[in-house]
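Inside the fold
Given next are the chains, with one letter for each unit.
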Amino acid sequence: MLFEELLNSENTNDRYDLWKNYREDLTEKIINNFNDILIKKKVKEEKIRRVKDKQLLHQIKDQKGYKPTLAIWGAGGCNDIDIVALSHYFTLILIDDNEKQIKGARSRAKLSESECVCTNLKFWDVWEEEYYLFDALVKDRAPVEDIVIYFDDLVNRMVEIDYSTIPTFDFSVCVGLASQLNSRFMAILYRHKGEPDFYSNNDILTIVDAFDRLNDIAVERMCNCINKLTKYGAMFGYELDSLFIDETDESNKDVIEEIIREKLNEINSVIEESIHIETANEKQNIWQFDINIQGSKQLEKYLMKCELDNPNANSNLICTEALVWPFAIEKSYIMIFRTIDNL
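Here we summarise the structure given alongside this text. (Residues numbered from 1 in each chain as written. Predicted model: local features only at pLDDT ≥ 70, side-chain atom pairs only at ≥ 80, totals over all residues. Heavy atoms only, no water.)

Moving on to the overall build of the protein chain. Summing up its helical and strand segments, the protein chain has 12 helices and eight strands in all. A burial count over the protein chain gives 50% of its 343 residues as buried. For the protein chain, the accessible area works out to roughly 17,900 Å², and carbon and sulfur atoms hold 47% of it. (Helix = DSSP H or I, 4+ residues; strand = E, 2+ residues; numbered from the N terminus. Buried < 20%, exposed > 50% of the residue type's maximum accessible area, 1.4 Å probe, protein only. Areas by Shrake-Rupley, 256 points an atom, 1.4 Å probe, with all protein chains shown as cover.)

On to the pairing of strand β2 (residues 91-95), then. Buried residues dominate β2, accounting for four of its five residues. Sheet analysis places strand β1 (residues 69-73) next to β2, joined by five bridges and oriented parallel. In the sheet register, A71 faces β2, and the bridge partner there is I93. One ladder, built from four bridges, connects β2 with strand β3 (residues 116-119); its direction is parallel. (Pairing = 2+ DSSP bridges.)

The next thing to look at is helix α7 (residues 144-157). With 14 residues, α7 ought to run about 20 Å at 1.5 Å a step, and its terminal C-alpha atoms sit 20 Å apart, in line with that. If you check which residues of α7 are buried, you get V144, I147, V148, Y150, F151, L154 and V155. Looking straight down α7, one finds that the buried residues subtend no more than 155° of arc, so they occupy a single side. Residues of α7 that are exposed and point over 90 degrees away from its buried face: E145 and N156. (Expected span 1.5 Å × (residues − 1). Arc of directions from axis to C-beta.)

So, on to the nonpolar core. Ranked by size, the top nonpolar core spans 66 residues in total, and within it W73, F151, F185, Y199 and M222 carry the most contacts. F185 has contacts with V126, E130, Y131, F134, Y150, F151, L154, F211 and L214, leaving out every residue within four places of it along the chain. Counting residues in hydrophobic clusters, the runner-up holds 35 residues, among them I81, L86, I102 and A109. (Core = buried A, V, L, I, M, F, W, Y, C linked by side-chain atoms within 4.5 Å. Contact = heavy atoms within 4.5 Å.)

As a further point, take the pattern of salt bridges. All chains considered together, the criterion is met by 13 salt bridges. Between K231 and D170 there is a salt bridge; the shortest N-O distance is 3.3 Å. Of this pair, K231 sits in strand β5 (residues 230-243) while D170 sits in strand β4 (residues 169-175), placing them 61 residues apart in sequence. The exposure class assigned to K231 is partly exposed, which follows from its relative accessible area of 39%. (Salt bridge = Lys/Arg side-chain N within 4 Å of Asp/Glu carboxyl O.)

Glancing now at the packing of aromatic side chains. Applying the stated criterion to the full structure yields 21 aromatic pairs. Cluster of aromatic residues (ring-pair linked, three or more members): Y131, F134, Y150, F151, F185 and F211. Across from the ring centre of F327, 4.6 Å away, lies the NZ or CZ of R15, which sits over that ring. Taking NZ or CZ as reference, R23 lies 3.6 Å from the ring centre of Y16, over its face. (Phe/Tyr/Trp six-rings, centres within 6.5 Å; stacked < 30°, edge-to-face > 60°. Lys NZ or Arg CZ within 6 Å of the ring centre and 35° of its normal.)

One way to put it is that helix α6 (residues 128-139) packs onto helix α8 (residues 183-191) with a least axis distance of 10 Å and a crossing angle of 30°. In this view, α6 runs roughly parallel relative to α8, as classed from their interaxial angle. Two packed elements cross with a definite hand, and for α6 against α8 that hand is right-handed. Contacts from E130, Y131, F134, D135 and V138 in α6 reach R184, F185, I188, L189 and R191 in α8. Of the residues contributing to the contact of α6 with α8, the split by class is six nonpolar, no polar and four charged. (Axes fitted to C-alpha atoms, helices over the stretch in contact; angles between N-to-C directions. Parallel < 35°, antiparallel > 145°, perpendicular 65-115°, else oblique. Left-handed = near helix turned anticlockwise from the far one by under 90°. Nonpolar A, V, L, I, M, F, W, Y, C, P; charged D, E, K, R; others polar.)

Mapped onto the elements, D36 comes out in helix α2 (residues 20-46). Judged by relative accessible area, D36 falls into the partly exposed class, the value being 42%. Residues D36 and D341 lie 305 residues apart in sequence; the distance between their C-alpha atoms is 10.0 Å.

Take the packing of α8 against helix α9 (residues 201-229) next. The N-to-C vectors of α8 and α9 enclose an angle of 165°; their axes lie 11 Å apart at closest approach. When the axes of α8 and α9 are compared, the pair comes out roughly antiparallel. Judged by the sense of rotation from one axis to the other, the crossing of α8 with α9 is right-handed. Contacts from S183, F185, M186, L189 and Y190 in α8 reach I204, I207, V208, F211 and L214 in α9. Here the residues of the contact of α8 with α9 sort into nine nonpolar, one polar and no charged.

Residues C116 and C118 line the buried face of β3, whereas the alternating positions V117 and T119 sit on a face that is not buried. Handedness of the crossover is the feature at issue here: the chain leaves β2, passes through helix α5 (residues 99-108), returns alongside β3, and the resulting connection is right-handed. (Right-handed = clockwise from strand over helix to strand, strands pointing away.)

This is the structure in structure tokens:
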């Protein structure tokens, strides 16, 4: 069945060992980022100049008392994040539309339901039937106009969630989800690519443009949901670029590091230049990054809009570090991270 094939293609349990270093680095980054926000919170609430012991999460862990809540959005199989390590500091909420997968991750980690809650908040609720309908449209070579209308109607058919029924979280992590929100549609489209009388290149461009607009709405809805439900801080991670290099091959290490340095220098130079510009329009003009990955470019645009709309907000926009995610042998992603606090 089509839907089962799509779900199976998203199963990354066989990459657990491959992602070991990335998983450890990302988990450490999450702990350190939210520990820093707790320090800001303590300084603000107690009206002090600095905190002597800066390991606040370690203090909470040692006291064995209340632990802050951490929502992991698009958690999947949790192969890229060490939820056992995070459970020492946080009560976890795993959020995914594949509840079987996140419950499997909790079971493998040997965490209880009180330590780790699994749920599907349905903030971007694409029904299983929608994928079969889209597959039928592509298989029958429906007019491109009908596919464009289909994407528009898809949004209209969704029911927005009722925020009043959902508790808030202290912290949120959303890494790699933006590019996955609608990826199943593109997977369906390209599985038919080699068939006779497939769409022309111009037709595909029209479909991709409609898909772009769908992602605009999806990413904005995802981010709005995270921001509304997160009290203190949210960390976003997304693909800046892809590398078709075997990251596990030591001989490629210098090449990869140089590519990362170039990308980070490019993005940070633009960010630093924008800091000294007062008007939103001028900032928008120079804030142009060459991100071609669907979902990631929409997330970058959303975070920039947050900065433009709230110039006095506390946000960590300077990317001083990136991580290489060895997604598969000979294909990696450069991941960058933005942490926005709500203090």
